[in-house]
Amino acid sequence: MKYSVEHALQQLPGPAGERFVPVLRYGSMLTELYAPRGHDPQQPHTQDELYFIHSGQGEFVQGDDRHRFEAGDAFFVPAGQVHRFENFSDDFATWVVFWGPPGGERE
């Protein structure tokens, strides 16, 4: 199956103002396109996550660390870790992939 950023962006914002759209689910895996505007209100998640930055630039706060990002960058976030995007451009959009058991996988 093919999923495009352009198609997903056309579905935003969602009916309740959501800035994410689920595009693929298989077993414990869920892939969404996430495109917050203005600020990123997310809280830590119960599953491990991968972010693949599609467009835009800004800063990614992960625990006590802060990373500059741009299109093409990727981030891993273990389950339960505080994280958010800050100071991001208006065209910011990222794929996010959640997977695994609640609490995350162990190495």
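See the structure shown above.
Since the model is a prediction, treat every value here as computed from it, not as a measurement.

As for the sheet that holds strand E6 (residues 74-77)
Here is step 1 of the chain: Ordered by their spatial adjacency, five strands build an open sheet running E1-E2-E8-E3-E6, and the pairing between neighbours is antiparallel. Two strands close off the open sheet at either side, each with one partner strand: strand E1 (20-26) and E6. Taken over all neighbouring pairs, the strand axes of this sheet differ in orientation by 20 degrees on average, direction set aside.
Here is step 2 of the chain: Relative to strand E8 (residues 93-99), strand E3 (residues 48-55) is paired through seven bridges, and the arrangement is antiparallel. Bridge pairing links Ser-55 to Ala-93 in E8.

Remarks on the sheet that holds strand E4 (residues 57-62)
Here is step 1 of the chain: Read across the open sheet, the three strands follow the order E5-E4-E7; overall the sheet is antiparallel. Looking at which strands have only one partner, the edges of the open sheet turn out to be strand E5 (65-70) and strand E7 (83-86). When strand polarity is set aside, the average angle formed by the axes of neighbouring strands in this sheet is 25 degrees.
Here is step 2 of the chain: Relative to E5, E4 runs antiparallel, the two sharing six bridges.

Structural notes on the packing of aromatic side chains
Here is step 1 of the chain: Using the criterion set out here, one finds nine aromatic pairs in the structure.
Here is step 2 of the chain: For the ring pair Tyr-51 and Phe-85, a centre distance of 5.1 Å and an interplane angle of 85 degrees mean the geometry is edge-to-face. Taken together, the residues span a long stretch of sequence, with Tyr-51 in strand E3 and Phe-85 in strand E7 at a distance of 34 residues.

Focus: unusual backbone geometry
Here is step 1 of the chain: For the bond running from Leu-12 to Pro-13, omega is -10 degrees, close enough to zero to count as cis.
Here is step 2 of the chain: Among the secondary structure elements, Pro-13 is positioned in the loop between helix H1 (5-9) and E1.
Here is step 3 of the chain: One non-glycine residue, Asn-87, lies in the positive phi region at around 50 degrees.
Here is step 4 of the chain: By secondary structure assignment, the location of Asn-87 is in the loop between E7 and E8.
Here is step 5 of the chain: Taking the relative accessible area as the measure of exposure, Asn-87 reaches 57% and is therefore exposed.

Side note on the pattern of salt bridges
Here is step 1 of the chain: If you walk through the whole model with that rule in mind, you get four salt bridges.
Here is step 2 of the chain: The partner of Glu-59 in a salt bridge is Arg-66, and the shortest N-O contact between them spans 2.6 Å.
Here is step 3 of the chain: Among the salt bridges present, the one from Glu-86 reaches Arg-66, with a minimum N-O distance of 2.7 Å. Within this pair, whereas Glu-86 is found in strand E7, its partner Arg-66 is found in strand E5, the two being separated by 20 residues in sequence.
Here is step 4 of the chain: Linked by salt bridges that have partners in common, Glu-59, Arg-66, Arg-68, Arg-84 and Glu-86 make up one network.

Concerning the environment of Thr-94
Here is step 1 of the chain: Within the secondary structure, Thr-94 is located in strand E8.
Here is step 2 of the chain: Those residues in contact with Thr-94 that lie beyond four places of it in its chain are Glu-32, Leu-33, Tyr-34, Tyr-51, Phe-52, Ile-53, His-54 and Phe-85.
Here is step 3 of the chain: At 2.9 Å, the side chain of Thr-94 forms a polar contact with the backbone oxygen of Phe-52.

What counts and what doesn't
Residues numbered from 1 in each chain as written. Predicted model: local features only at pLDDT ≥ 70, side-chain atom pairs only at ≥ 80, totals over all residues. Heavy atoms only, no water. Pairing = 2+ DSSP bridges. Helix = DSSP H or I, 4+ residues; strand = E, 2+ residues; numbered from the N terminus. Axes fitted to C-alpha atoms, helices over the stretch in contact; angles between N-to-C directions. Phe/Tyr/Trp six-rings, centres within 6.5 Å; stacked < 30°, edge-to-face > 60°. Buried < 20%, exposed > 50% of the residue type's maximum accessible area, 1.4 Å probe, protein only. Salt bridge = Lys/Arg side-chain N within 4 Å of Asp/Glu carboxyl O. Contact = heavy atoms within 4.5 Å. Polar contact = N/O pair within 3.5 Å; in protein donor to acceptor, adjacent residues only side chain to side chain.

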